[in-house]
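# Structural features, examined
For reference, the chains in residue letters:
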Amino acid sequence: MTYSPVLIVHIAGGLIAILAGFISLFARKGSPLHQKAGRVFAVAMLFMAAGGAYAALLKSQRLNVIAGFFTFYLVSTAWLTVLRKQAQSGRAEWILLLLGLATGVTSWTFGWQAADRGTAIGGFIFGSIAFLCVAGDARLLIRGGVSGVQRLVRHLWRMGFALFVATASFFIGTASDPVAKQFGLRARLFTKAVRETRLPLVPVLIVLIMTVYWLFRVRYARQFRKAEQ
């Protein structure tokens with residue numbers, strides 16, 4: 001069986017992103033290991049998201065197209081947050097805001113169109129989260145940037161949510177996922193008996209727990225507040 005180069009880029013980016021994401025998640029924030037793993041994670045996620053969106057577009061899988069663009073947007077804005085100096089913003093933030101807004105509007109539109117078929121929930125969820133993110137972007141641009149603990153929180157939760165999307169897609173994604181269907185990854189990785197134990201949920205829960213842990217630690221720990229002053 002031959003595989004599409006786009007799907008190969010998508011799955012390779014996803015595997016690298018998950019590995020680098022977990023290293024970054026457990027590493028001390030701001031450490032050299034965290035920074036190196038974070039850069040690998042960001043680049044791999046951008047390739048994964050772009051490849052996934054393109055592959056889904058070819059197959060007319062609208063929700064997967066949205067998920068790809070939204071993940072690309074999340075990672076880009078999160079990475080740009082720490083690449084910028086404190087209280088600094090530029091043209092890229094405006095472009096990404098428009099991407100997020102377009103993603104939100106498109107998601108809600110698909111949601112309304114699918115309401116009569118009972119498949120609207122995915123579109124409404126992605127759209128609502130996208131609009132919340134865009135509101136945060138607008139606030140950042142009005143203020144001329146973000147600094148202090150808010151800068152770290154913005155970076156962490158967006159990267160954490162992007163890792164959650166990638167991990168959930170890989171470990172518990174549905175059979176309609178184009179990668180699952182073409183590569184048979186879940187069928188090869190997990191037998192039916194393993195899936196019934198719910199063990200594939202563990203990595204997804206770890207991402208959620210660790211993201212919340214770091215958000216609380218960064219938000220309230222003095223060492224991070226001092227580091228950002």
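This section reports on the structure supplied with the text. (Residues numbered from 1 in each chain as written. Predicted model: local features only at pLDDT ≥ 70, side-chain atom pairs only at ≥ 80, totals over all residues. Heavy atoms only, no water.)

## Considering the pattern of salt bridges
Under the definition given, this model contains three salt bridges. In this structure, Arg158 and Asp137 form a salt bridge, with 3.2 Å as the shortest nitrogen-oxygen distance. Of the two residues, Arg158 sits in helix H6 (residues 148-172) while Asp137 sits in helix H5 (residues 121-143), which places them 21 residues apart along the sequence. In this pair, the class of Arg158 matches that of Asp137, namely buried. A single salt-bridge network, built from bridges that share partners, covers Asp137, Arg154 and Arg158. (Salt bridge = Lys/Arg side-chain N within 4 Å of Asp/Glu carboxyl O. Helix = DSSP H or I, 4+ residues; strand = E, 2+ residues; numbered from the N terminus. Buried < 20%, exposed > 50% of the residue type's maximum accessible area, 1.4 Å probe, protein only.)

## Digging into the packing of aromatic side chains
According to the stated counting rule, one finds 11 aromatic pairs in the structure shown. Judged by centre distance (6.3 Å) and plane angle (75°), the ring pair of Phe70 and Phe161 falls under edge-to-face. Here Phe70 is found in helix H3 (residues 62-83), whereas its partner Phe161 is found in helix H6, with 91 residues between them in sequence. Residue Phe161 is classed as partly exposed on the basis of its relative accessible area, which comes to 21%. With centroids separated by 5.8 Å and ring planes inclined at 40°, the aromatic side chains of Phe161 and Phe164 adopt a geometry described as tilted. Residue Phe161 and its partner Phe164 are located together in helix H6, separated by three residues, close to a single helical turn. Through a chain of ring-to-ring contacts, the aromatic side chains of Phe70, Tyr73, Phe126, Trp157, Phe161 and Phe164 assemble into a single cluster. (Phe/Tyr/Trp six-rings, centres within 6.5 Å; stacked < 30°, edge-to-face > 60°.)

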